[in-house]
Amino acid sequence: MPSGIKMAVKTLTDVTDYRVLVEFVTPLLLDEVSRAGEGIGLDPYDLDDALEDLFCSKEDLQRMVDTLARKKNIILQGPPGVGKTFASRRLAYALIGFKAEEQVEMVQFHQSYSYEDFVQGWRPTREGGFSLRYGVFYEFCNAARENSAASYVFIIDEVNRGNLSKIFGELLMLLEADKRGDGFSIPLTYSDSGERFSVPENVHVIGLMNTADRSLALVDYALRRRFTFFDLRPQVGSSRFREFLSGLVEEDVADYLINRICSLNERIRDDTVNLGQGYEIGHSFFCPQDTEEELDMDWYRSVVEFEIAPLLREYWFDDLDRAEEEIAALVE
């Protein structure tokens, strides 16, 4: 130690047994953390809350939450009607621990969606000039950075509809779980001199992908490597879905519906040349928002005629006779 520097010396005095900390103080601290959201009017949100009307097992949902926390980025993929959007928000709230809507954002990609919409870009002003405007993901990351103790979830619907390399740009690198935080900040395409950007560690991304859309190209391999993929399958034949229907329709209607849709899905899976597992019919077609309406055979036939039949004609667009046969088999 350099001479001339004096340091106070304090002998450690006897303190309360450490077991008091474990048995008394620690539970209080944990309780404060668990009630953190209650202070701003939020109730805790756990897996059991997320599973309400969600037709998957608690084990599968726990795996999704754990993977989202570890990998930071996941994609829920499946055919139409499996409840991808419905599940994504519940998954987000389960990760956060509260139904904190301000910590969840959702956008939908499309073919005209761009880097300028997502990150930043020059936009025309009313005065006739241009100004640098920040995109929704840029603003979301800044909000998450200011509240680093909380988890934030960004949901991208129809993630494979956009030009992913064009939309993400240099963010493809920053999305990686081990390249989060200020230590990996980089200048963005339109950044001013010296301005750098990073994706905070508390930002999680959920992408939703429809496996039955013929117009879509394969997901960019660079993006695929950064995400973990979960398949959401139709649950029409599950016990949880039957239990859901039992409170809405007569037993004979439920039996008819389940048998016909399960048989159709089996034939879709077997048609590996044109269709396959990714084109099955999901259960959410038969999850009505208005439970006050009378749900009987007329309701079932209406769903088939106006929602499922057009989809089947699109599936078998080059064999319309087959499509009509399948439609007839659902209502005969």
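These figures come from a predicted structure and were not determined experimentally.

Asks: What is the right way to look at helix α10 (residues 239-246) in this model?
Replies: Given 3.6 residues to a turn, an α-helix orients residues that are three or four positions apart in the same direction. Every buried residue of α10 is accounted for by Phe 241, Phe 244 and Leu 245. End-on view of α10: buried residues confined to an arc of 95 degrees, all on one side of the axis. Within α10, the exposed residues directed more than 90 degrees away from the buried face are Ser 239, Glu 243 and Ser 246. Of the surrounding secondary structure, the elements contacted by the buried residues of α10 are α11 (251-270).

Asks: Could you clarify how one ought to interpret a negative patch on the surface in this entry?
Replies: Negative charge collects at one region of the surface, where Asp 318, Asp 319, Asp 321 and Glu 325 lie side by side. Tracing the backbone through its elements, the reader meets Glu 325 in helix α13 (residues 320-331).

Asks: Honestly, α13 in this entry has me stumped. Any pointers?
Replies: Relative to the 16 Å expected for 12 residues at 1.5 Å per residue, α13 spans 17 Å between its end C-alpha atoms, a close match to the ideal helical length. Where α13 is concerned, the buried positions are Ala 323, Glu 326, Ile 327 and Leu 330. The arc enclosing the buried residues of α13, seen along the axis, measures out at 100 degrees, which places them on a common side. Residues of α13 that are exposed and point more than 90 degrees away from the buried face comprise Asp 321 and Glu 325. Its buried side turned inward, α13 meets α11 and α12 (297-315).

Asks: What should I look at first to understand the packing of aromatic side chains in this one?
Replies: By convention here, two paired aromatic rings are described through the distance between centres and the angle between planes. Throughout the structure, instances matching the rule amount to 21 aromatic pairs. Ring geometry for Tyr 45 versus Tyr 93: centroids 5.6 Å apart, planes at 70 degrees, classification edge-to-face. Taken as a pair, Tyr 45 in the loop between α1 (18-34) and α2 (47-50) and Tyr 93 in helix α4 (residues 84-96) lie far apart in primary sequence, 48 residues in all. Here Tyr 45 matches Tyr 93 in class, with each residue buried. With 6.4 Å between their ring centres and 65 degrees between their planes, Tyr 113 and Phe 118 make a pair best called edge-to-face. Overall, Tyr 113 belongs to the buried group, its relative accessible area being 9%. Here the aromatic cluster, defined as three or more aromatic residues joined through ring pairs, consists of Phe 109, Tyr 113, Phe 118, Phe 137, Phe 140, Tyr 152, Phe 154 and Phe 168.

Asks: Sorry, what's going on with the sheet that holds strand β1 (residues 73-78) here?
Replies: Pairing within the open sheet is parallel, and its five strands lie in the order β2-β5-β6-β1-β7. The open sheet is flanked by β2 (104-108) and β7 (228-231), the only strands paired with a single partner. Pairwise comparison of adjacent strand axes, ignoring direction, gives a mean angle of 20 degrees for this sheet. Contacts from α4 reach β1, β2, β5 (152-157) and β6 (203-210) within the one sheet, and its direction differs from that of β6 by about 165 degrees. Across the sheet, helix α6 (residues 136-145) lies against β2, β5 and β6, angled at about 165 degrees from β5, the strand it touches most.

Asks: Teacher, can you tell me more about the packing of α11 against α13 here?
Replies: How two helices pack is summed up by the angle between their axes together with the distance between the axes. Running from amino to carboxyl end, α11 crosses α13 at an angle of 155 degrees, the nearest separation of the two axes being 9 Å. Comparing their axes, α13 and α11 come out roughly antiparallel. The element α11 and its partner α13 pack so that their crossing is right-handed. Counting all contacts with α11, which are made through Tyr 256, Arg 260, Ile 261, Leu 264 and Arg 267, the residues of α13 involved are Arg 322, Glu 326, Ala 329, Leu 330 and Val 331. Split by residue class, the contact of α11 with α13 holds six nonpolar, no polar and four charged.

Asks: How should I be thinking about the nonpolar core in this particular structure?
Replies: Leu 257, Ile 281, Phe 286, Leu 312 and Tyr 315 are the most contacted members of the largest nonpolar core, which totals 35 residues. Those elements that provide at least two residues to this core are α10, α11, α12 and α13. Looking at this core element by element, the count peaks at nine residues for α12. Here Leu 312 is in contact with Leu 264, Ile 268, Ile 281, Ala 323, Glu 326, Ile 327 and Leu 330, once residues within four sequence places are set aside. With 33 residues, the next largest nonpolar core counts Ile 75, Tyr 113, Val 119 and Tyr 138 among its residues.

Asks: I tried to follow the packing of helix α3 (residues 58-71) against α4 on my own but got confused; where do I start?
Replies: Between α3 and α4, the least distance of the axes is 10 Å, while the angle of their chain directions is 65 degrees. Classified by the interaxial angle, the pair formed by α3 and α4 is roughly perpendicular. By crossing handedness, the relation of α3 to α4 is classed as right-handed. Along the contact surface, α3 presents Leu 61, Met 64, Val 65, Leu 68 and Ala 69, while α4 presents Leu 91, Ala 94 and Leu 95. The residue inventory of the contact of α3 with α4, partitioned by class, reads eight nonpolar, no polar and no charged.

Rules used in this analysis
Counting starts from 1 at the beginning of each chain's written sequence and moves along it residue by residue. Since the coordinates come from a predicted model, pLDDT governs what is reported: local features require at least 70, and pairs of side-chain atoms require 80 or more to be given and counted, while whole-chain, interface and lining totals use all residues. To obtain the side-chain values, all non-hydrogen atoms of the structure were included, while hydrogens and water were left out. Burial classification: accessible surface area is computed with a 1.4 Å probe over protein chains only, and a residue below 20% of its type maximum counts as buried, one above 50% as exposed, and the rest as partly exposed. Helical segments are the DSSP runs of H or I of at least four residues, strand segments are the runs of E of at least two, and each set is numbered from the N terminus. The arc in question is the one spanned by the directions pointing from the helix axis to the C-beta atoms. Here a residue-residue contact requires only that any non-hydrogen atoms of the pair lie within 4.5 Å. Only residues above 30% relative accessible area that lack a salt bridge enter a patch, with like-charged residues linked at up to 9 Å and the nonpolar side chains Val, Leu, Ile, Met, Phe, Trp and Tyr linked at up to 5 Å. For accessible areas, the Shrake-Rupley method is used with a probe of radius 1.4 Å. Any residue's cover is judged against the shown protein chains and nothing else. Each salt bridge in this description consists of a side-chain nitrogen of Lys or Arg and a carboxyl oxygen of Asp or Glu lying within 4 Å of one another. Only four residue types enter the tally: Lys and Arg on the positive side, Asp and Glu on the negative side, with His and both chain ends excluded. We put the charge of a Lys on NZ, of an Arg on CZ, of an Asp on CG and of a Glu on CD. One fewer than the residue count of a helix, multiplied by 1.5 Å, yields its expected span. In this analysis, rings of Phe, Tyr and Trp, with Trp reduced to its six-membered ring, are considered paired at centre separations within 6.5 Å, and the interplanar angle assigns stacked below 30 degrees, edge-to-face beyond 60, and tilted for intermediate values. Only strands that DSSP links by at least two bridges are regarded as paired with each other. To obtain an axis, a line is fitted to C-alpha atoms, over the contacting stretch when the element is a helix, and the angle between two such axes runs from 0 to 180 degrees between their N-to-C directions. Roughly parallel covers angles under 35 degrees, roughly antiparallel covers those over 145, roughly perpendicular covers 65 to 115, and oblique covers all other angles. Two helices crossing with the near one rotated counterclockwise from the far one by less than a right angle form a left-handed crossing, whereas a clockwise rotation gives a right-handed crossing. Amino acids are sorted into nonpolar (Ala, Val, Leu, Ile, Met, Phe, Trp, Tyr, Cys and Pro), charged (Asp, Glu, Lys and Arg) and polar (every other residue, Gly among them). Grouping buried Ala, Val, Leu, Ile, Met, Phe, Trp, Tyr and Cys residues that are joined through side-chain atoms within 4.5 Å yields what is termed a nonpolar core.

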